[in-house]
Amino acid sequence: MSVTVKFFASLRETVGRADTQVDYQNQLNVSQVWQQASGNLPMPSNTLCAVNMKYVDAQQPVNDGDEVAFFPPVTGG
Amino acid sequence: MSVTVKFFASLRETVGRADTQVDYQNQLNVSQVWQQASGNLPMPSNTLCAVNMKYVDAQQPVNDGDEVAFFPPVTGG
Amino acid sequence: MIEIRNQAFDPWQETQAYQNSHIAAGKYGATASFVGTMRDFNEGDNVQKMVLEHYPGMTENYLNKICDEAKNRWDIMDCLIIHRVGDIMPDDPIVLTAVWSAHRAAAFDACRYLMEELKSRAPFWKKESLPEGERWVDKNTAG
Amino acid sequence: MIEIRNQAFDPWQETQAYQNSHIAAGKYGATASFVGTMRDFNEGDNVQKMVLEHYPGMTENYLNKICDEAKNRWDIMDCLIIHRVGDIMPDDPIVLTAVWSAHRAAAFDACRYLMEELKSRAPFWKKESLPEGERWVDKNTAG
């Protein structure tokens, strides 16, 4: 099973990549996806997480094929 | 001594004139100006009064040369 | 700036033109505006035309006063109010209020304040033409 | 309607064009709008340029969601949101929100709601270019 992972804005620069794929066998939550995708970097405490373009918290389990995104606080408008 | 009197909107139609002059010898207040200028019509309870283009209440005394105006609740915007 | 107009005006062009000529480029981050437009209905009736009367002199004074009050109460750069008088047809803009500021809260607050003050205190009066005749609008609704 | 633009836009022309093509003449009495414009300063520093990043797909979904929420909460006819992305220069409009309704309270409330929701939750990120280098804006101020 696998999920697509995206990093935006300052987190993309911190992690050093815009997107990646995480393959897994046992159920993962969003926070565990971060660990694998970032190479075990600490997740900044203000990180926002989305699964399939909806906000979720980091304990949310992911499903095969999901798109998981990580980004800093939003600053639009 | 005299004051200029103006009526606006529905009060102009009620009184039947747009402006007039009130001549007087003893001090008058705004309400007494209304009586003379309107020919003793009752003043509608929601009437707004202005002296020299500033809102006042009907007990305010007037001075020689003042412009006294009477109008209904405002409905601009 | 405040202005009374007896001809139709385009509130969006006016806002842009005023901004270009009066507001320092790069300094404002927020523009809040409100446009009041004539509806073809009021209180369940068809309205075909409207006449807007004002008190020349006092109306201008009052609009300037509420702009000054807004500038005292909020950290804003400038205000624009344009208000139509005379014969007005459905879909014509009646009033424009616009406020420029560095940050959004002041612009939102001040723009709404201008409209509420204008509607509750500025000397304007509307007379509507209905199919069955004319009537004075007797009061503005609370905002 | 919501739209993401990667080119400069004129918020007043957009508002007028949308109104002419989408809002029934004679039915709306109130249009509240807000324009956010790029300042040439932020937190005391000169800002020369900005890059605005978004999350294609999620950003559009989120803007549509807040328009839908505004329509559920207030008696409004329509909303327009346009938001710029990409390279932005000082004095460029960044965001437009506009709301049409019969009466003014709903338009004012909904327009402000759109901006607050957009600024607190819609996935956009700003990176500023200062004389001494680039920096990510770390958070939006409360409205």
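Relevant structure appears above.
Residues numbered from 1 in each chain as written. Chains lettered and ligands numbered in written order. Predicted model: local features only at pLDDT ≥ 70, side-chain atom pairs only at ≥ 80, totals over all residues. Heavy atoms only, no water.

Q: I'd like to hear about the relation of the copies chain D and chain C, residue by residue, with values.
A: Its rotation angle being 180 degrees, the transformation that places chain D on chain C also includes 0.0 Å of axial translation and leaves an RMSD of 0.0 Å. Read as a symmetry element, the transformation amounts to a two-fold axis. Mapped onto chain C, 100% of the interface residues of chain D again fall at the interface, so both copies present the same surface. (Least-squares fit on C-alpha atoms with pLDDT ≥ 70 in both. Contact = heavy atoms within 4.5 Å.)

Q: I'd like to hear about the pattern of salt bridges, residue by residue, with values.
A: Tallied over the entire structure, the rule returns 28 salt bridges over all chains. With a closest N to O distance of 2.8 Å, Arg 135 of chain C and Asp 45 of chain C form a salt bridge. Here Arg 135 of chain C, found in strand 10 (residues 133-136), pairs with Asp 45 of chain C, found in strand 4 (residues 45-46); they are 90 residues apart in sequence, far enough to count as distant. Taking the shortest distance from any N to any O, the salt bridge between Arg 104 of chain D and Glu 116 of chain C comes out at 2.7 Å. In this pair, Arg 104 of chain D is assigned in helix 3 (residues 104-121) and Glu 116 of chain C in helix 3 (residues 104-121), connecting two distinct chains. Taking the relative accessible area as the measure of exposure, Arg 104 of chain D reaches 8% and is therefore buried. On the basis of relative accessibility, which here comes to 21%, the residue Glu 116 of chain C falls in the partly exposed class. Here the residues in one salt-bridge network are Glu 13 of chain A together with Lys 127 and Glu 134 of chain D, joined through shared partners. (Salt bridge = Lys/Arg side-chain N within 4 Å of Asp/Glu carboxyl O. Helix = DSSP H or I, 4+ residues; strand = E, 2+ residues; numbered from the N terminus. Buried < 20%, exposed > 50% of the residue type's maximum accessible area, 1.4 Å probe, protein only.)

Q: Break down helix 2 (residues 30-38) of chain B for me, citing the residues and quoting the values.
A: Residue and element names in this part refer to chain B. Regarding helix 2, the residues found buried are Val 30, Val 33, Trp 34, Ala 37 and Ser 38. The buried residues of helix 2 occupy one face: seen down the axis, they fall within an arc of 110 degrees. Where the residues of helix 2 are buried, they touch strand 1 (2-7), helix 1 (9-15), strand 2 (19-23), strand 3 (48-51), strand 4 (54-56) and strand 5 (67-71). Sitting at the amino-terminal end of helix 2 is Asn 29, which places a side-chain oxygen 3.1 Å from the backbone nitrogen of Ser 31. Backbone geometry just downstream of helix 2 places Gly 39 in the positive-phi region, at approximately 70 degrees. (Arc of directions from axis to C-beta. Polar contact = N/O pair within 3.5 Å; in protein donor to acceptor, adjacent residues only side chain to side chain.)

Q: Outline the sheet that holds strand 7 (residues 86-88) of chain D, listing residues and values.
A: All names here are of chain D. Strand order in the open sheet formed by 4 strands is 7-5-9-10, and the pairing between neighbours is antiparallel. Looking at the sheet topology across the chains shown, the edges are occupied by strand 7 and strand 10 (133-136). Across the sheet, the mean angle separating the axes of adjacent strands is 25 degrees when strand polarity is ignored. Relative to strand 9 (residues 124-130), strand 5 (residues 49-54) runs antiparallel, the two being bridged by 6 bridges. (Pairing = 2+ DSSP bridges. Axes fitted to C-alpha atoms, helices over the stretch in contact; angles between N-to-C directions.)

Q: Account for the packing of aromatic side chains, naming residues and giving values.
A: Using the criterion set out here, one finds 26 aromatic pairs over all chains in the structure. On the numbers, 5.8 Å between centres and 25 degrees between planes, the contact of Phe 7 of chain B with Phe 70 of chain B is stacked. Within this pair, whereas Phe 7 of chain B is found in strand 1, its partner Phe 70 of chain B is found in strand 5, the two being separated by 63 residues in sequence. Exposure remark for Phe 7 of chain B: the relative accessible area of 1% places this residue in the buried category. Counting every residue linked through ring pairs, the aromatic cluster contains Phe 8, Tyr 55 and Phe 71 of chain A together with Tyr 55, Tyr 62 and Trp 125 of chain D. Just above the ring of Phe 41 of chain C sits the side chain of Arg 39 of chain C; from NZ or CZ to the centre is 5.0 Å. (Phe/Tyr/Trp six-rings, centres within 6.5 Å; stacked < 30°, edge-to-face > 60°. Lys NZ or Arg CZ within 6 Å of the ring centre and 35° of its normal.)

Q: Give a detailed account of the packing of helix 1 (residues 11-22) of chain C against helix 1 (residues 11-22) of chain D, specifying residues and quantitative values.
A: Remark: helix 1 of chain C packs on helix 1 of chain D, axes separated minimally by 9 Å, with the N-to-C direction vectors making an angle of 180 degrees. In terms of orientation, helix 1 of chain C lies roughly antiparallel with respect to helix 1 of chain D. Counted together, Trp 12, Thr 15, Gln 16 and Gln 19 of chain C of helix 1 of chain C and Trp 12, Thr 15, Gln 16 and Gln 19 of chain D of helix 1 of chain D form the full contact between these two elements. (Parallel < 35°, antiparallel > 145°, perpendicular 65-115°, else oblique.)

Q: Explain the interface of chain D and chain C to me, and be specific about the residues and the numbers.
A: Every contact between the two is made by 37 residues of chain D and, on the other side, 37 residues of chain C. At the boundary of chain D with chain C, total buried surface from both sides reaches about 3400 Å², with 50% on carbon and sulfur atoms. It is Trp 12, Arg 104 and Phe 108 of chain D in chain D that bury the most area against chain C; as a group they hold 25% of the surface buried on that side. Across the contact surface, chain D and chain C share 6 salt bridges. Residues Asp 109 of chain C and Arg 112 of chain D are paired through a salt bridge, measuring 2.6 Å at the closest nitrogen-oxygen approach. There are 23 residue pairs in polar contact (both at pLDDT 80 or more) connecting chain D and chain C. Among the elements of the structure, helix 1, strand 2 (30-37) and helix 3 of chain D are those that each provide at least two residues to the side of chain D that touches chain C. With 9 residues, helix 3 of chain D is the single largest residue contributor to the side of chain D that touches chain C. (Buried area = accessible area lost by both parts, 1.4 Å probe.)

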